[in-house]
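Secondary and tertiary structure notes
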Amino acid sequence: MSNSPISRFLGDSPARVILKLLFLSFVVGVLMSALGLYPLDIFDGIVSFVRRLWNLGFEALGQLGGYFVLGAMVVIPVWVVLRLMSLGRRS
């Protein structure tokens, strides 16, 4: 085995690494085909998961904003009335 930079990076000679990768690719391809897994399906699943997670996050923020508005509809008028009443007591 030579100590060329490519061999050191790959961990073996380029030809042996290519043969190993071809063999592993074939074995993994057969296993994935037997299990009914295809790369585009996996990618679509990941994209779909991220999209659902994103939508749930903004939906939760929308509900949170709704709670603030609902509470503000009660709290702000009560606060204004209390402030006006306290101004009458000071003078």
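The model shown is predicted, which means the values in this text are computed figures rather than measured ones.

Details of the overall build of the chain
Along the backbone of the chain there are 3 helices and 0 strands. Each helix and strand of the chain, placed in order from N terminus to C terminus, yields the pattern α-α-α. Taken over the C-alpha trace, the chain has a radius of gyration of 32 Å; the compact-globule value for 91 residues is 12 Å, which it surpasses by more than 25%. Over its C-alpha atoms, taken along the principal directions, the chain stretches across nearly 95 × 40 × 10 Å. Taking the 8 positively charged and 4 negatively charged side chains of the chain as two groups, their mean positions are separated by 21 Å.

Considering the environment of Gln 63
Following the sequence through the fold, Gln 63 ends up in helix 3 (residues 39-90). Taking the relative accessible area as the measure of exposure, Gln 63 reaches 46% and is therefore partly exposed. Placed 57 residues apart in sequence, Gln 63 and Ile 6 show a C-alpha to C-alpha distance of 56 Å.

Here's the deal with the environment of Gly 45
Among the secondary structure elements, Gly 45 is positioned in helix 3. On the basis of relative accessibility, which here comes to 37%, the residue Gly 45 falls in the partly exposed class. On a C-alpha basis, the gap between Gly 45 and Ile 76 in space is 46 Å, while along the polypeptide they are 31 residues apart.

Here we look at helix 2 (residues 14-35)
The terminal C-alpha atoms of helix 2 lie 31 Å apart, and with 22 residues this matches the ideal 32 Å at 1.5 Å per residue to within 8%. Immediately beyond the C-terminal end of helix 2, within one or two residues, lies Gly 36, with a positive phi of roughly 75°.

A word on the confidence of the model for the chain
On average, residues of the chain carry a pLDDT of 84, and 96% of them reach 70 or more. For the chain, per-element mean pLDDT is lowest for helix 1 (residues 5-10), which scores 82, and highest for helix 2, which scores 90.

Here's the deal with the pattern of salt bridges
Scanning the model with the defined rule gives 2 salt bridges in all. Put simply, Asp 12 and Arg 16 hold a salt bridge, and the shortest N to O gap is 3.5 Å. The buried category is assigned to Asp 12, whose relative accessible area is 11%. Here Asp 12 ties to Lys 20 by a salt bridge, and the two come within 3.3 Å at their closest N and O atoms.

Some thoughts on the side chain of Asp 12
Along the polypeptide, Asp 12 turns up in the loop between helix 1 and helix 2. At 3.3 Å, the side chain of Asp 12 and the side chain of Lys 20 are in polar contact.

Calculation rules
- Residues numbered from 1 in each chain as written.
- Predicted model: local features only at pLDDT ≥ 70, side-chain atom pairs only at ≥ 80, totals over all residues.
- Heavy atoms only, no water.
- Helix = DSSP H or I, 4+ residues; strand = E, 2+ residues; numbered from the N terminus.
- Rg over C-alpha atoms; globule rule 2.2 N^0.38 Å.
- Lys, Arg positive; Asp, Glu negative; His and termini not counted.
- Charge placed at Lys NZ, Arg CZ, Asp CG, Glu CD.
- Buried < 20%, exposed > 50% of the residue type's maximum accessible area, 1.4 Å probe, protein only.
- Expected span 1.5 Å × (residues − 1).
- pLDDT = per-residue confidence, 0-100.
- Salt bridge = Lys/Arg side-chain N within 4 Å of Asp/Glu carboxyl O.
- Polar contact = N/O pair within 3.5 Å; in protein donor to acceptor, adjacent residues only side chain to side chain.

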